[in-house]
Amino acid sequence: MGRIDTLLAAMTVEEKIGQLTMAAASLAVTGPAKLVDVAEGVRAGRIGAVLNLWGAEETRAVQRLAVDESRLGVPLLLGLDVVHGHRTIFPVPLAEACLFDPALWQKSARAAAEEAAMDGVAMTFAPMVDVARDPRWGRIVEGPGEDPWVASAFAAAKTRGFQGDDLAAADSVAATAKHLGAYGAVTAGREYASADVSERTLREIYLPAFAAAVAAGTAAIMPAFNDIAGVPMTANAALLKGWLRDRLGFDGVLVSDYNAIAELLEHGVAGDIAEAAALALEAGVDIDMMSGAYAKGLPEALRRGLVGMAEIDAGVRRVLALKERLGLFDDPYRRGAAGSRDEGGEASRRRALAREIARRAIVLLTCAPGALPLSPDIRRIAVIGPLAAAPQEMLGPWALAGRAEEAASILRGLEAALPDRRIDYAAGVDIAGEDTRGVPAALDLCRGADAVVLCIGEAASMSGEAASRADLGLPGRQRMFAEAVLDLGKPVAALLSSGRPLALPWLFERADAVLATWFLGGEAGHAVADVLTGRFNPTGRLPATWPRDVGQTPIFYGQRQAGRPAKAGERYCSRYLDLPVTPQFPFGHGLSYSRFSLHDLRCQPSRVEAGESVEIAVTVANDSGVDGEATLFLFVRDLVASVARPVLELKGVRKIVVAAGERAQATWRLPVEALAFVGADLDLVLEPGRFEVHVGQSADPAELLTSVIELVRSSTTSSAR
Ligand code: BGC
């Protein structure tokens, strides 16, 4: 008998259910507080997994209880939300998405895994790969933005980064792709609400990133809190069993979200805890995170015949198999062992990576000619606003092991970068609240300055979980303050710290430059200084369409055209009476200190059949005197199909360095199968006909180069999407 069979044969029912039970240690609070006696539960074999614990000593101590003091000595699975770095905090995922760079996405996950593993962590509840098209939803900050192609690339890169080449290695952690599915589509952007999306949208928009995570070998997946059309994801057998396990062949662990199994009662689909436990287990959920529903409900569910021992055993097998893959049976202390402590250069290597990623995440939203980089003639700079000297905020949400005292604020970064200038600081107002007593002094500083760096936005706690907002403006008295600063007529570069696009048309209109600086992590200040001083030429691009007004949300580029598309001067068309339909900034938008133009889009061949591919090439010219990096997006549009297709669908991205005055070529090979879509019967179909191929620097239709290809034969594929 193998190890897993032997253990299963030796386990009592209570011990089996223990393997399916995850309890929180008290180090961090990531859900409604509950007191669980973890030590006693571990000793008794009633707890097989623990979350929210890190640190070599701390994890070793609790692991010892399992290995040395429980009857069967099965090691614990120790999980933690390592969402954008562990000790070294990287930019929040939405900011990292602005890089459009899978290699760097993978590197930051690798660095995070190394650090978390050193702290004894074996599993992360990341990556979060929920497509989000509604910036009211606070969790848009945790994921890769609005596009399924980007989300899939992000999911694969992060999974590889966390898990490394060998999941058993001392520096690898199990990834958990979350939260399946359509969590980003909650009604009106309101956290935890119901989502009601069509099967087609589910398959085309919300599920592909999870399929990509599975293809990349993710060890675990977490179902979301929400229901889809009345079926809570925690009990969604059709998606978890039917799609994920049976169709995609996922045989890893499904871990519930925090307390989600017990919440099936609140959802109104279970009458008591035994029914809730049975629904989740039947749907394929292996680990009950923090609800105690399996411990309380499964014995009763067994008695009532709602579940069988075979289902419990199947869950236990998957959990034990994960522990085995992680090498926990061979050496439960491998992660966090003395030998793997951080060596001198490693921490600074990770900080350097965090700075590189942070400066690449900055999106230059607007810039009047000559406004940036800051000219050497500017001798006196007023760095003002409530986010100027706010290191804790720079870390953003989900920075559990991050340390504010190690984070560089914007003020600190600028002081370090510009030692020969005079830099004055005042907050002016708080992030939220009504206190305006600091305003006069801050305005005085601005009056005496040659230029103002205005640091405004949200607190880190205003995005992330349980942080939906109905208003996309600046909280507190920041708008009043910012307008008073703008009224002074000084050159103003505004830095927006936020976990979502903010609708601030007045700012974009009036400031000389505005930069989206999100929550950039521990190196935030240095990254900002690199861009403001021109040491680094901005290259970040928006992974989510930026609305003018909250009334435009949800908003995304890949809409269907409708029978009456928006048309200037036409009443009966798809538009608003009181707002343009166009966004403030399109998906992919982001300026550079260079200026690029695109020429000569070519597609070879222009007539293709299934199984073939199209070579696409475009020339990019740097028309400026500054070396820079261009970002090119490849979109397609299916002109006539059996179901209406989006006006643009992303199929590729290229980042390409072009020296001042030079030209370069960007190329793609587009397999014809990439033109398939979810047809009327919900299978993937490739339909013949004409497709527009577009290349541009964003999804702005006015700026796209266009060519046409023709697919001359159709087929139905039986893909696992
Ligand atoms: C969140 C998850 C997270 C879990 C554990 C939940 O409230 O939705 O994303 O992984 O807590 O902290």
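Fair warning: this is a prediction, and the values are worked out from it, not measured in the lab. (Residues numbered from 1 in each chain as written. Predicted model: local features only at pLDDT ≥ 70, side-chain atom pairs only at ≥ 80, totals over all residues. Heavy atoms only, no water.)

When its secondary structure is counted, the chain shows 21 helices and 27 strands. For the chain, the C-alpha atoms occupy an extent of roughly 75 × 65 × 45 Å along the three principal directions. The buried share of the chain, taken over its 721 residues, is 61%. Once local pairs closer than 6 in sequence are excluded, the contacts in the chain between residues at least 24 apart make up 77%. As displayed, the chain offers around 25,900 Å² of accessible surface, 49% of which is attributable to carbon and sulfur atoms. Counting 74 positive and 90 negative side-chain charges, the chain places the averaged centre of each group 2 Å from the other. (Helix = DSSP H or I, 4+ residues; strand = E, 2+ residues; numbered from the N terminus. Buried < 20%, exposed > 50% of the residue type's maximum accessible area, 1.4 Å probe, protein only. Contact = heavy atoms within 4.5 Å. Areas by Shrake-Rupley, 256 points an atom, 1.4 Å probe, with all protein chains shown as cover. Lys, Arg positive; Asp, Glu negative; His and termini not counted. Charge placed at Lys NZ, Arg CZ, Asp CG, Glu CD.)

In this section: the environment of Val 129. Structurally, the position occupied by Val 129 is in the loop between β4 (123–124) and α7 (148–163). According to the relative accessible area criterion, Val 129 is buried, its value standing at 0%. As for Val 129 and Pro 148, which are separated by 19 residues in sequence, their C-alpha atoms are 9.2 Å apart. For Val 129, the residues in contact, after removing those within four places along its chain, are Pro 144, Ala 151, Phe 154, Ala 155, Lys 178, Ala 209 and Phe 210.

Of all hydrophobic cores here, the largest spans 204 residues; its most connected members are Tyr 294, Leu 298, Leu 496, Leu 507, Trp 518 and Leu 520. Counting residues per element, this core draws most heavily on helix α12 (residues 273–283), which supplies seven residues. Grouped together as the second largest cluster of nonpolar side chains are 30 residues, Leu 670, Ala 676, Leu 686 and Val 695 included. (Core = buried A, V, L, I, M, F, W, Y, C linked by side-chain atoms within 4.5 Å.)

Inspection of the secondary structure assignment puts Met 394 in helix α16 (residues 391–395). For Met 394 and Met 1, which are 393 residues apart along the polypeptide, the C-alpha to C-alpha distance reads 52 Å. Beyond its immediate stretch of four places on either side in the chain, Met 394 contacts Leu 387, Ala 408, Ser 409, Ile 410, Ser 497, Phe 519, Leu 520, Gly 521 and Ala 524.

Of the two faces of strand β22 (residues 663–671), the one holding Ala 664, Ala 666, Trp 668 and Leu 670 is buried and the one holding Arg 663, Gln 665, Thr 667, Arg 669 and Pro 671 is not buried anywhere. Sheet analysis places strand β19 (residues 613–622) next to β22, joined by nine bridges and oriented antiparallel. Within β22, the residue paired with Ser 613 across the bridge is Pro 671. (Pairing = 2+ DSSP bridges.)

Let us now look at the pairing of strand β26 (residues 705–711). Of the strand pairs in this sheet, strand β18 (residues 607–608) and β26 are connected by two bridges, and their pairing is parallel. Across the sheet, Arg 607 pairs through a bridge with Glu 710, a residue of β26.

Let us now look at the sheet that holds strand β9 (residues 253–254). Spatially, β5-β6-β9 is the arrangement adopted by the three strands of the open sheet, whose pairing is parallel. Across the chains shown, the open sheet's two edge strands, defined by having one partner strand only, are β5 (176–180) and β9. With four bridges joining them, β5 and strand β6 (residues 220–223) adopt parallel strand pairing. Its bridge partner being in β6, Lys 178 is matched across the sheet by Met 222. The strands touched by helix α9 (residues 208–215) are β5 and β6; relative to β5, the strand with the most contacts, the crossing angle is about 160°. (Axes fitted to C-alpha atoms, helices over the stretch in contact; angles between N-to-C directions.)

Position of Glu 115 relative to the elements: it lies in helix α6 (residues 102–118). Exposure remark for Glu 115: the relative accessible area of 7% places this residue in the buried category. The contacts of Glu 115, once residues within four sequence positions are left out, are His 86, Arg 87, Thr 88 and Arg 350.

Before going further, it helps to examine the side chain of Glu 692. Relative to the helices and strands, Glu 692 resides in strand β25 (residues 689–696). Engagement of the side chain of Glu 692 in a polar contact is seen with the side chain of His 694, the distance being 2.9 Å. Apart from residues lying up to four places away in sequence, Glu 692 is in contact with Phe 635, Val 636, Arg 637, Leu 639, Thr 706, Ser 707 and Val 708. (Polar contact = N/O pair within 3.5 Å; in protein donor to acceptor, adjacent residues only side chain to side chain.)

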